[in-house]
Amino acid sequence: MKNTSNLKFIVSILLSALLAYAVGIYGNLPWWSFVVTNFIIAIIITQTPGKSFFAGALGVGLLWLGLAFVIDAQNQHILSVKVATLLPLKGSFVALIAITAIVGFLVGGLASLTGSFVRKS
Amino acid sequence: MRLLPLIASAVITVGLVTVLNTQLPIGATKSPKLGYFLSPQQGFWKNAEKVSAGFDASVVAGELKGNVDVYMDDRLVPHIYADHDEDAYFVQGYLHAKFRLWQMDFQTRVASGRLSEIAGADKLSIDRFFRRLGMVYGAEQTEKYINERNPVMKATVDAYTAGVNAYLKQLAPEDLPFEFKLMNYAPEEWTPKKTYLFLMFMSYDLTGRSATADLQLTNTRDFLGYDLFDKLYTNQQDSLDPIIPKGTAFAKPSITPIKPVGSDIAYLKKQDPNLAANKVSASPEAPDKNNGSNNWAVAGTKTKSGRPILCSDPHLGLNLPSLWYEVQITTPTHSTYGASFPGSPAVIIGFNDSLAWGVTNAGRDVLDYYEIKFKDSTQKEYWYNGAWQATGSRQEVIKVKDSVDVVENIAMTNWGPAMFDAHYQNPQSKGRNLAVKWTGHDASTGVETFYKLNRAKNFDDYLSAISLWKCPGQNFVFASKSGDIAIKQQGSFVARWDHQGDFIMPGEDSTYNWQGIIPNEENPMIKNPERGFVSSANQKSVDPSYPYYLGTAGSFPLYRGISVNKRLRTMNQISPEDMQHLQTDNYNVFAEVARPALMKFIDPSKLSADAQRMVKEMTSWNLYNNGNEKGITVFKLIWDSVENAVWGDELAGSPIPLTKPESFVLLDQMNKDSNFSVADDIRTKGKVETLKEQVNVGVENATKELLLLEKEGKLEWATFKATRVSHLTKIPALSRLNLPIGGGVNIVNATTEAHGPSWRMVVHLTDEIEAYGLYPGGQSGNPGSVYYDTFVDYWAAGKYYRLLFLPKEKLVAHERTKWHIQFKTA
């Protein structure tokens, strides 16, 4: 029972990240398209609301963290420092990457949480 | 049971997404849509280019007649090799869009009064100003003219437009330039009209100062009364070293402009006791007074190689992305290299395999105001030559983001659009109805001048190319491999009588109209002069024996020209390196004269200890505006402060800003008349201040400021001046601030706070052309690119790049060639 639950959690994190990435490729789709995919994943893979939230949150949050981190490293912080001065985050690219990840984490988590309640209602 | 959490959770999710998908207000501006902006797959992260990224690419375009090869060098300069001229311009448009798309959009938005559309009501005053000035009207005249009369230029601009649009068509939404994402809007299709609008903007930038200056000068005259005005705003520049050497004989003029009868009273307002102050207003968009430039060419007789060297450095607002974009264009008809304008085809300042050219601003007055009397508020009729005459009308609709459209109804008179009226006024226009007449409104084939210069082979081609040039008037310098050098001031210049158009003119009387445009043959020109060089630095082009009036002295800075000519006269055996040193020279020829003049009046025994110390700092200064000098900061503050002490009282009490007299006026007075009556502070009753007293007051006042600066560690010139290259939005994070560079007003290296040499070029006309150049920016307009500001530090240090100008086979094999973009016809 516990193993299935862990497996479900891990699968939904991966699925969430994968589908969020997939819908993100198409610039014509809105940036929040992963809300829909996370919502559906949470309906299909039943978990407790808490687990659903963290699965969706970690899926998108880690995806955004990873992407931002890699892009920023390859860019040698040229743009992130400018944007972090502009936003304003005192020029800290670390803060900017963190905020990027947090936005993905929160929105992704909430979308999955909402989905999890559909099944249980 | 779970329905409530579902609804709650859904509401929170939707709510958060909505907030992250909304532009939130921060002060007068708005934030980007944060969710979108931060999304690593769609937002700004997509603009963070890999530092190691290459630029190899293959582009298929059905519009092309043949294949085109573009090689990018290590500075990201494209070298375009095309078999057809139109293909070359198609590719130039494509590359401009690829590297400078947002800038192209933004600049034409400014020119056409469409900023409110993306930035909201905050920008409405700028938009209304440009609409009412007739920017769109002028671009329409040019478009119509070229479409009907000039098939070659139409094809050129069309090909360029198609290239921009080919890039746009394949541009994925996630790859939009950074600024579009920041401001949350999307680019539009390019059109030929946008190219003409951009060129209108250049006309405005270089001749539009009159749109503000004429009003302010009128109000200054009204405030002071004509007699005092005439004394303080004299056009007589004793130390002038004109572009055409003094004493050159001019041909008999074909037009003799006649001053209207009664204009002393009706227009100049001499002896008018009823002059009222309070009548003036300046627009906030006045182009920089220092928009100018240096250019010169030295003949083979003065160079080490025996071949001419040509130099050009246009002084403009320093921006990122830069106004300039370097390019080489090679087709079977020509091979040209230089700085181009993103927004326009061809090379604007550059060289080809036969010759080189450069430009400086002529500064001549080509924009006038006429005061209109409308019959009634409908503005359907106005009084002209003793009868009511019908106006035309023009409607300009300004779209405003998050608000309703603003409609400008502009009465069209025979002078031009009635820019100011009851609906549009500012403190300086004060309800007056003012029509604006401007050569910028006339249809112009300016693009063709550059098209032909790009292809010119010799002096005659150069002359024929520039003969088409109308606005903004420019000094075109020229040098060829065959050994000719020349300079000609060219444009549509009004044949003016003395002071015509300095002030607002009466609009009821046709005798105040322009009495003709000076024929091209009578525009100042000099070829292969005995002295072995030609030059210009925005000074008056001619001495007073020239038969036409040029405009007010404020439009013609004196001292850079003196500096350049002084140096060129003595230089011999010149190398390109010497010319680089001259372009970046920081010698202050104004201070050379002004410092001893000041010292004549300074009495150290009457000064405070601090002031004495500052004066010592100034006198021990080496007269170079180098970045690390303190003496120049002291000199500048003392001089400004003395000017304030002398003029401040006369200009005080005006509720609106007035024009300050030119520096040379005070300097000339100091040198010839120490009993200068204007020195008296008219605010102190019963006491007459002498110039000596005023200078010492000035020194003490300056010392107070200087001590503060000293405390903050800002006495060194570069620190004090704090030169910056600003992003077009002025956002500091996207700009380069506090650059370590000297120079300044009156200096050959004319770098001020936000203004200066925007493209430095030195061309040695040897068999294989040896050229150097750079601009303070980078080839990529993307703030996320390593090529965004590549040249800025090098530029600040006064260094140059050797420009690669080679035939295809040699360029392909060159070690500095890095990437290849292939354009294939479908």
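Residues numbered from 1 in each chain as written. Chains lettered and ligands numbered in written order. Predicted model: local features only at pLDDT ≥ 70, side-chain atom pairs only at ≥ 80, totals over all residues.

### So, the sheet that holds strand 13 (residues 367-371) of chain B
By way of backbone hydrogen bonds, the strands of a sheet pair with one another, either parallel or antiparallel. Residue and element names in this part refer to chain B. What the four strands build is an open sheet, ordered 18-19-13-22; its pairing is mixed. Taken across any chain shown, the strands that pair with only one partner, and hence form the sheet edges, are strand 18 (418-420) and strand 22 (505-506). Pairing between strand 13 and strand 22: two bridges, direction parallel. If you follow Glu371 over to strand 22, its bridge partner there is Pro506. Packing against the sheet, helix 10 (residues 210-224) makes contact with strand 13 and strand 19 (434-438), and its axis sits at approximately 50° to strand 13. (Pairing = 2+ DSSP bridges. Helix = DSSP H or I, 4+ residues; strand = E, 2+ residues; numbered from the N terminus. Contact = placed C-beta atoms within 7 Å. Axes fitted to C-alpha atoms, helices over the stretch in contact; angles between N-to-C directions.)

### Considering the interface of chain A and chain B
Listed as interface residues are 35 residues of chain A and, on the opposing side, 37 residues of chain B. Sorting the residues of the side of chain A that touches chain B by element identifies helix 3 (49-74), helix 4 (78-86) and helix 5 (93-120) of chain A as the ones contributing at least two each. Sort the elements by how many residues they give to the side of chain A that touches chain B and helix 5 of chain A lands first, with twelve residues. Of the residues that constitute the side of chain A that touches chain B, the class distribution is 21 nonpolar, eleven polar and three charged. (Nonpolar A, V, L, I, M, F, W, Y, C, P; charged D, E, K, R; others polar.)

### A word on the pairing of strand 12 (residues 355-361) of chain B
All names here are of chain B. Most of strand 12 is tucked away: seven of the seven residues are buried. Here strand 12 shows a buried face lined by Leu355, Trp357, Val359 and Asn361 and a second buried face lined by Ala356, Gly358 and Thr360. Across two bridges, the pairing between strand 11 (residues 349-352) and strand 12 is antiparallel. Bridge pairing in strand 12 links Gly350 to Trp357. One ladder, built from seven bridges, connects strand 12 with strand 20 (residues 474-480); its direction is antiparallel. By the bridge assignment, Gly358 is partnered in strand 20 with Val477. (Buried ≥ 20, exposed ≤ 12 C-beta atoms within 10 Å, placed from the backbone.)

### Things to note about unusual backbone geometry
Put simply, Leu87(A) and Pro88(A) share a cis peptide bond, and its omega is 5°. Take Pro88(A): it is sitting in the loop between helix 4 and helix 5. Cis geometry marks the peptide bond from Cys471(B) to Pro472(B), where omega comes out at -5°. Within the secondary structure, Pro472(B) sits in the loop between helix 14 (459-466) and strand 20. Positive phi is not limited to glycine here, since Leu76(B) has a value of about 70°. Checked against the element boundaries, Leu76(B) lands in the loop between strand 4 (68-73) and strand 5 (78-82). Using a count of 19 C-beta atoms within 10 Å as the deciding quantity, one classes Leu76(B) as partly exposed.

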